[in-house]
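What the coordinates show
Given next are the chains, with one letter for each unit.
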Amino acid sequence: MDLINALLNLFVPPSCLLILAFAWPSLCFITLCDWLYTTLFAAEDMHHKVVVITGASSGIGEQIAYQYAKRGANLVLVARREQRLFGIRENAIRLGAPSVVIIAADVVKKDDCHRFINQTISYYGRVDHLVNTVSLGHTFYFEEATDTNVFPILMDINFWGNVYPTHVALPYLRESNGRIVVNASVENWLPLPRMSLYSAAKSALINFYETLRFEVKSEVGITVATHGWIGAEMSRGKFMMEEGTEMQWKEEREVDASGGQVEEFAKAVVSGACRGDPYVKYPSWYDIFFLYRVFAPKVLYWTFRLLLANGGGAMGRRRRTSLVGTGRPLVEEPMPMAASTLRVVPVPVDEEESSTTTMSPSPTSSPGAAGSSISSRSDRLLGSPAGSSLTFHHALKNE
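Below is a summary of the structure that appears in this document.

Conventions adopted
Residues numbered from 1 in each chain as written. Predicted model: local features only at pLDDT ≥ 70, side-chain atom pairs only at ≥ 80, totals over all residues. Heavy atoms only, no water. Helix = DSSP H or I, 4+ residues; strand = E, 2+ residues; numbered from the N terminus. Contact = heavy atoms within 4.5 Å. Buried < 20%, exposed > 50% of the residue type's maximum accessible area, 1.4 Å probe, protein only. Pairing = 2+ DSSP bridges. Right-handed = clockwise from strand over helix to strand, strands pointing away. Phe/Tyr/Trp six-rings, centres within 6.5 Å; stacked < 30°, edge-to-face > 60°. Lys NZ or Arg CZ within 6 Å of the ring centre and 35° of its normal. Axes fitted to C-alpha atoms, helices over the stretch in contact; angles between N-to-C directions. Parallel < 35°, antiparallel > 145°, perpendicular 65-115°, else oblique. Nonpolar A, V, L, I, M, F, W, Y, C, P; charged D, E, K, R; others polar. Expected span 1.5 Å × (residues − 1).

**Let's talk about the side chain of Arg275**
- By secondary structure assignment, the location of Arg275 is in helix 8 (residues 261-275).
- The residues touching Arg275, leaving out its near neighbours within four places in the chain, are Trp35, Thr38 and Thr39.

Written out as structure tokens, the structure is:
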């Protein structure tokens, strides 16, 4: 057996690369034909269909809501802080959504997930698309975290905050032959510093949905949307994946996430979901790094070591790491004499500010602990009130 594996190790990789090189033009042509057909003739008509969007209070979730509104879909916007949803609802109605329901809920609490899905079924009678955009990033090095309560919080939000709504909505999605849309990140396979826990959670999330894709077969579609550094600014030591990472400085939080790459990514996600694409990648040139990771991992490692070395490039000139959640004291940075005094305060924020501030229990905890241990540890981290209320509001477009 060892001899067989040794021979396969020697011949399979180069032979597969050779076959791929010859087949690449044909594969590109077939992919282009399929894209044209699905775009022109087979794209799903979302008019009056029902779309549930978690993490809809800001960032990617908000922009995806607007894209579905332009296609005439009925929307259910889910977030923890409902105040942010009222303005988004009005914008969505102006853009063409016939009806918009807003529900205050915490997606990492399974009881809340049952409630907002059941209320959607009670009001609309169906669910056609479930869009999970809840995400929480961090910008600290792993060794800086002295409070390990941060670790399960990041996993709960980035993993269970997507799995729980999927588990509850899946029977209804089977009935409508619907679709699940997942907001992923290139970091699920591309290693980057200060993103260790975030990357691990995203990797678990992708593997979960890839397995689920085989289990549901053609009854429920799954679109995995992978983005790179959208809305990010990698200069001056900032290293954030998107608008809304939780652990960042206040002045970084204030950058507008209503346009630019975030909006383009949202357009690509909704267009791909309506075409039935299994994957949406923005931008797609990141894929080339995956080949290096498989066939030349040392080259990829050396490249990133060079780019991220201290003193090398804009990212290495100065290290500004947010220490929120690490258990370490926060340090104010000195400001230039000509500038006005600005106190730097890390503010908890997520691309979905609403449904990522309290946590559900880990899978091993008892059901009765849903609102206790994990909620309390997330409240200490993010400064949010313990528990979450679930309220229901709806609005209809004036014809």
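**Considering the pairing of strand 4 (residues 129-132)**
- Because side chains alternate across strand 4, one face comprises the buried residues His129 and Val131, and the other comprises Leu130 and Asn132, equally buried.
- Bridge count for strand 1 (residues 50-54) against strand 4 is 4 bridges, and the pairing is parallel. Within strand 4, the position partnered with Val52 by the bridge is Leu130.
- Sheet analysis places strand 4 next to strand 5 (residues 179-185), joined by 4 bridges and oriented parallel. Within the sheet, the bridge partner assigned to Asn132 lies in strand 5 and is Val182.
- Taking the sense of rotation as the criterion, the β-α-β connection linking strand 4, helix 5 (residues 150-176) and strand 5 turns out right-handed.

**Concerning the packing of aromatic side chains**
- According to the stated counting rule, one finds 10 aromatic pairs in the structure shown.
- With centroids separated by 4.9 Å and ring planes inclined at 75°, the aromatic side chains of Phe208 and Tyr209 adopt a geometry described as edge-to-face.
- Site record: aromatic cluster; members linked through ring pairs are Phe159, Trp160, Tyr164, Phe208 and Tyr209.
- The positively charged end of Arg213 is found above the aromatic ring belonging to Tyr279, 4.9 Å away from the centroid.
- Here Lys281 stacks its cationic end above the ring of Tyr279, 5.8 Å away from the centre of that ring.

**Quick word on the packing of helix 9 (residues 287-295) against helix 10 (residues 297-307)**
- Running from N to C, helix 9 and helix 10 point in directions that differ by 120°, and their axes come no closer than 5 Å. Of the possible angle classes, the one that applies to helix 9 and helix 10 is oblique. For the pair helix 9 and helix 10, the contacting residues are Phe289, Tyr292, Arg293, Val294 and Phe295 in the first and Pro297, Val299 and Leu300 in the second.
- Among the residues making up the contact of helix 9 with helix 10, the classes are represented as 7 nonpolar, no polar and 1 charged.

**Concerning unusual backbone geometry**
- Here the bond from Tyr282 into Pro283 is cis, since omega is -10°, no more than 30 degrees from zero.
- Counting through the fold element by element, Pro283 comes out in the loop between strand 7 (279-282) and helix 9.
- One non-glycine residue, His48, lies in positive phi territory at about 65°.
- By secondary structure assignment, the location of His48 is in the loop between helix 1 (2-40) and strand 1.
- The class of His48 is partly exposed, set by a relative accessible area of 45%.
- The backbone of Asn177 sits at a positive phi, close to 55°, despite the residue not being glycine.
- Here Asn177 lies in the loop between helix 5 and strand 5.

**Brief notes about helix 2 (residues 59-70)**
- Between its terminal C-alpha atoms helix 2 stretches 17 Å, which fits the 16 Å expected from 12 residues at 1.5 Å a residue.
- Among the 12 residues of helix 2, 11 are classified as buried, and the element is accordingly described as predominantly covered.
- All buried positions along helix 2 are accounted for by Gly59, Ile60, Gly61, Glu62, Gln63, Ile64, Ala65, Tyr66, Gln67, Tyr68 and Ala69.
- In the segment just after helix 2, Gly72 is the residue with positive phi, at about 80°.

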